[in-house]
Each structure stands twice: as C-alpha cells, then as structure tokens.
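# Fold and geometry: a report
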Amino acid sequence: MSDVQSDVQRFLERLGEHAAGRAEAQGPEPTWIAARRQAGAARFEALGFPTRRDEAWKYTDVRGIARGDFQLATNADFSPATAARLTLPIEAHRLTFVDGVFAPALSTLDDLPAGAQLVPLSRALEENHEAVGGPLGRLTGVEFSPFAALNTAFMEEGAVLRLAPGTVVEKPIILQFLSRAGEAPAMSHPRILIEMAGRSQATVIEHHVGEEQAANFTNLVEEVILDRGAILTHYKLQEAPLADLHVSSIHVEQARDSRYTSFNLNLGGGLVRTDLITELNGEGAEANFNGLFYGQGRQHVDNHTLANHNAPLTFSNENYKGILDDRAHGVFNGKVVVKRDSQKIEGFQSNANLLLSDRAEIDAKPELEIYADDVKCSHGTTTGQLDEEAVFALRTRGIDEQTARGLLTLAFAGEVLEQVGLDAIAERVELAVAGKLPERFNLAGLVETAAALSEE
Amino acid sequence: MLEVKDLHVTVEGSEILKGLDLTINAGEVHAIMGPNGAGKSTLSAVIAGKEGYEVTQGSITYEGQDVLEMEVEERARAGLLLGFQYPVEIPGVKNIYLLKAALNAQREAQGLGEIPAPEFMKLIKEKVASMKMDTSFLQRAVNEGFSGGEKKRNEILQMLVLQPKLAMLDEIDSGLDIDAMKVVADGVNSLRAEDRAILLVTHYQRLLDYIVPDRVHVLVDGRIAKSGDAELARELESRGYDWVQEETAA
C-alpha cells in the first residue's frame, strides 16, 4: 500500500471508529444522513487528498494534513479565562465550538429577535432533521473537493442560522471556533448553514482563534442561501494558532437584489485555504469580496474566489490585499465567470500584494471568463514593494526608515480595513497588523492613540 | 545657524547651483526669490536631503554640523524641516500617525521619552485649531484627496507640532487663495522666535506682505545676485527680475 493510500485509510478508519461509537450511544441516524456520509466517504476514498498536480491545488501542499493523525474531540472543555481573553469584545449572539464540539457554557443564544433561529447543527438535526436535509449539501456537494467530501463523511456539528422574511438581527452573530492545545492534534469538520429569507439582514462573524500551542486541523464547509433582497455581511477573522491547519469552502447562492459582503481577514494559521464562491442568480444581486492576508514565518495562505454571474444585471466587486514577510507564501486565485446572456453585469477584481522579504512568495492568478457581450469587467493584480517617494516624505519629518516602512505597510492594509463597518474588528486587525510588523516599528501605540481620538 | 558656502549642485548632469553663499542667523526670516529655473527649489531640496542632487563643491553647515553628512531623518530631528511645494500624498497613513511618529522620533533624539497620550492630544488639538482645520483631518490619510490649500496647511501644521529650529518653506503660497494664505502666514508668523529661523522660497512678493522677511535674496542662475531687506521684494514686484539679471551681467 502506498503512503497516499494509507493516509486516506487512516482518515477512513477514524471515521469508522467514530461511527461505531456514535451508533452505540445514539442509535441509528436518519437514512439520508447515513447515505450522505457514505457518499462522502466513497468520494474521498476515490479522490484521495489533492496534490499539486491538481490545478486547484497547484500552489498549496496539503501533505501536512494528509500525513497527520488527528483525533476527534469528545468534549468542549476550555479555560474560561483563556476564552474570555480570546473572544471578540463585541456584544453579540455567540455560538462557540471547541475543536468542533459545541460549548454551551461559552455560548449566548438568548434574546434573538423573533423570526431568527440560531442553533448548533446537532440540535437542528434533533429538532427537525428533514428541514436541514433539504438545503444541506445542495451548494457544496461531495464533488466539490476531497475536503468537502471528507467534511460530509464526518459532519456532525456546526451552526444553523435561519431568518424568516424581513427579520433583521441587529447584533452581530459570532461563530467562534476555538482551537485547543492538547496531547494529540484534533480535527473537526464543522458545517455551517445560513438560510436568509427575503429582506432579512444579519452580520455573521466567523472567528477562528485558539491556544498558542494548538496544532489542529479544521475542515469547514459553509453554505449560504440568500433569498430576494437579503443582506449578509460575513466576516471571516482568521487568528488561529500558527500550527493550525485550516481548509474551508464558503458557497453562497444569491437571489434577486440580495447582497453578500465578505471580509476574509487572514492573520493566523499555519496553512489556510479558503474557497469563496458565489452564485449570482437574480438581477440586482451584488457580491463584495474584501480580503486581507498577512503571512509571516512559514505561513501559507491560499485564497480561491469565484463569482458566477448567472443572471443579467448582477454585480461583483473584489479587493484582496496580501502582505508577506519572511518565507510566507500567499496565493490569490480570483475568478469571475459571466454566463451567456448575463448582460449588463459588472465584475471588478483587484489584488495587490506587498512583499516585505526576498524569500516571501505570492502566486497571483486573476481569471475572467466572459460569454456575454455587454458587460463591464476589469481585473488586475500587482505585486511590489513600498512607494519610495512616500518613504522619503516620512523621513523628512524625522521618522526613521524602518518606521516609515512600517507605517506604509499598515496603510496598505488600511485600504481594506476602511471598508470594515465594525470598528471593533477594524481596530483589532489594524492593531494585529501593527503588532506583526517588526518590533522596532512600535506602531501599536499609534493605532491606540488614533482609536482613542476617534472615540472622543 | 545655517551657513551655505560656495554651493555647487548638479542635477542629472547639469549644474543648477553655481556657487551659492547664504548665512542665516537665529531669529531671522529670509526670503529667496527669483525667476523660474534659477535653482530656488534645489537649495531647499539639498538642505532637506532629497535624492538625485549631487553636491560637487561647497558646504552646508547647520549649528556646526556638516549637513551633507547627516541622514535625511537626522536632519529633521535636528530641527531642519522642509515644507514642500508639492506635498506627497501618502495613502492610508493617517495624519495623526505621522505627527506622533515624527514627534516621538524628535523627542527620542533629544533624549526624551515618548510623549504621553493626553499631552499629545492636547497639543495636537490646539495646533489643528490654530490652522483652522477640523480634527477629522487627523484621521485622514496624509494629503490624500486634500485640496491644494489643505495640503499647504497640513505642512504648516506639521511645523507647528514639530517646532523646527530652521523651517524652510518652498513655494508655500502657490495655489492658495487669500484666506488660506492668511491662515498659512499666521501659522508661519507664530513660529517666529529668537531661537528659530525661517527660510521662505517664493516666486511672488505677495506672501511677503503677510510674512515680512528680515532679508531678501534674489537667486539668478544658481547664485545669489542681490540681497536686501523687505523693500527689495517690493521692488522686484514692480520691476520684475530682468533688471537684477542685467545688473549681475554688467
């Protein structure tokens, strides 16, 4: 048996053990779930882990995941003090998972407005598994990728958010994924399902964070269904520990006049791969993809985005910025596809990268596929260093060259952060970027000063 | 305070300054005037340390130090500050970041610690108000999307915060309407002090109605062709530069 096969078998064995344990504890599952699990496992077994020969994985080596021996967590124990330190200081509805296991003690689910349902996936299945079975897996099937197949085989926990027509959730909803440092690395395969009916509105913050020494694998699949006029702002704040491995796919379906705004803010994690896909299916649907990634050390961040303009008069706007230092490796692969007869669409895409070290690397690949003739599209990617004229201008004010470069790096990130509507997130990320700059820049104090001034 | 001796400067192979001499003492305001292309901006650029200017001969001494041996940021920290004719836009760098980083750099050079936050806030608000600027300017990126007048005010604001010993202002009046000019002139006048000097580089006499100089120099073809008091500026305004050129040639 080759290594590759044994890697796959190791994951399947883990699945078998777990299924046996579950059957013993909970009895048989609904048939549709069992069937999907089987389909997922079969698909994963057939595909195996992707290799760099697969076009979609050309720049990302997942052997660190394939060779890992990950356990499934069985409890959600987590130090309340650590959790309090890690959590976002935002008044919110909060669902917390520890290595994928729901943590009721760290969750706040009361005072949701009428028409809003926010529950862990396990509870949604218990309450009405058929209502979940319809939408779940419709957008991200087992064919999407070996990781999606693996997720389907293991899926058990996650979050379900459903909003009735016209429901507006004022407070942000935080889905917090805590990664725990333990004796053996853990894996989790969370599943998120968001269904927003007509004209409903919400802000969802997906926050990945954990104990510094953690080295776990998260394999997330997320499906978002926006009905007519629904508005979702979706933050993915990635602050996972540096040895964490993270693969996720976010698949969005947008009906007429809906708006989906994504902020993919990547600061942490050793290996992070995110696929973000939207299906613009109705006139007036609009998608905004904002991204910022900061890689240091040997961090690897891979962003794949895809906007499918399946209907006329649909809009997509993408702006991703990358900062890479040391030997970090970034990937930006953004694609805009305009179907035949999708006239009068607008699709804009921009990606700019800043390399702070000679050994940092970026693979940037913008793609446009247009099969309609009356469209407005543009795309572009730039990779470079800092503006020397600006460096000089700062030095003429007595600011040393290193600090000047730090300020300009912070400014580069600022162009994405300006779009962030939640001040608490913008400030946190700005502070993190300032803190990641070499210590001699010492810019954190500046950021705090500016924040204090703006609060007056 | 500043002594420029026999300064020769070459830009891209052609000599722009051809033996310039200039002495500025503490407490004085000097104005350098001259026709376009005489080398006015070159002088302040060389003193500030801009790249692309080659000093082939002569010296610049500031408080006994050889300016040409100092790094750009060292010059600023020592109190030599240039206000630009065309201030650079620095997208994303908030004004307040620049001001605080610059002030702390200067304090560090003087052996002082970082300025405490409340003290900084107080100082900054006072200076912003005196330039008739809104505090929202502090949160905006340096010069980004500023009008010409706002950029110039911003240059003076930096001067007011950093309190240079020698403030050099390059064509600070260009692109200003009369109201903005008054605000800028008030800002500059507030810098006048016994222990400080100001060097104005200007094409027009108009600015000198508001900031009355102690000495006026006419720069022609890379050299100081004539020096005088504020009266000389008025004479230039009515007679133009040609007569100075002719006088020099004679």
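Residues numbered from 1 in each chain as written. Chains lettered and ligands numbered in written order. Predicted model: local features only at pLDDT ≥ 70, side-chain atom pairs only at ≥ 80, totals over all residues.

Our focus in this paragraph is the overall build of chain A. On a plain count of helices and strands, chain A comes out with 10 helices and 21 strands. With the C-alpha coordinates aligned to their principal axes, the bounding extent of chain A is approximately 75 × 55 × 50 Å. Within chain A, the proportion of its 456 residues that are buried is 52%. Looking at chain A alone, contacts between residues at least 24 apart form 82% of all its contacts between residues at least 6 apart. (Helix = DSSP H or I, 4+ residues; strand = E, 2+ residues; numbered from the N terminus. Buried ≥ 20, exposed ≤ 12 C-beta atoms within 10 Å, placed from the backbone. Contact = placed C-beta atoms within 7 Å.)

Turning next to the overall build of chain B. Counting its secondary structure elements, chain B contains 10 helices and 12 strands. Its C-alpha atoms give chain B a radius of gyration of 18 Å, within 12% of the compact-globule value 18 Å for 250 residues. Overall size of chain B, expressed as C-alpha extent along the three principal axes, is 60 × 40 × 35 Å. Within chain B, buried positions represent 46% of all 250 residues. Nonlocal contacts in chain B, meaning residues at least 24 apart in sequence, comprise 71% of its contacts between residues at least 6 apart. (Rg over C-alpha atoms; globule rule 2.2 N^0.38 Å.)

All names here are of chain A. When cut into domains, chain A gives domain 1 (3-281) and domain 2 (388-456). Placing the centre of domain 1 and that of domain 2 at their C-alpha centroids yields a distance of 33 Å. On the domain 2 side, the residues contacting the 10 residues of domain 1 number seven residues. Looking at the side of domain 1 that touches domain 2, the elements that each hand over two or more residues are strand S11 (231-239) and strand S13 (259-266). The dominant element in the side of domain 1 that touches domain 2, judged by the number of residues it contributes, is S11, at three residues. The class makeup of the residues in the side of domain 1 that touches domain 2 is nine nonpolar, one polar and no charged. (Domains from an automatic or database assignment. Nonpolar A, V, L, I, M, F, W, Y, C, P; charged D, E, K, R; others polar.)

What follows is about unusual backbone geometry. Phi is positive for Arg199 of chain A, which is not a glycine, with a value near 60°. Relative to the elements of secondary structure, Arg199 of chain A occurs in the loop between strand S8 (191-196) and strand S9 (201-210). Its identity as a non-glycine residue notwithstanding, Lys132 of chain B has a phi of 50°, on the positive side. Structurally, Lys132 of chain B is set in the loop between helix H4 (117-130) and helix H5 (136-139). For Lys132 of chain B, a count of 13 C-beta atoms within 10 Å corresponds to the partly exposed category.

Turning our eyes to something else, we now look at the pairing of strand S12 (residues 223-228) of chain B. Residue and element names in this part refer to chain B. Direction of pairing for strand S11 (residues 215-220) relative to S12: antiparallel, over a ladder of five bridges. For Val218, the partnering residue across the bridge sits in S12 and is Lys226. Between S11 and S12, which follow one another and run antiparallel, lie two residues, and Asp221 among them has a positive phi close to 50°. (Pairing = 2+ DSSP bridges.)

Here we come to the nonpolar core. Formed by 183 residues in total, the largest nonpolar core has its most connected members in Ile173, Leu226 and Leu407 of chain A together with Val93, Met168, Leu199 and Leu200 of chain B. Sorting elements by how many residues they give to this core places helix H8 (residues 401-417) of chain A first, with nine residues. Two domains share this core, each providing at least three of its residues, namely domain 1 (3-281) and domain 2 (388-456) of chain A. Among all residues touching Leu226 of chain A, those that are not within four sequence positions of it are Met196, Leu232, Val252, Glu253, Gln254, Ala255, Ser258 and Tyr260 of chain A. Membership of the second largest hydrophobic core comes to 15 residues, among which are Ala41, Phe147, Ala148 and Met155 of chain A. (Core = buried A, V, L, I, M, F, W, Y, C linked by C-beta atoms within 7 Å.)

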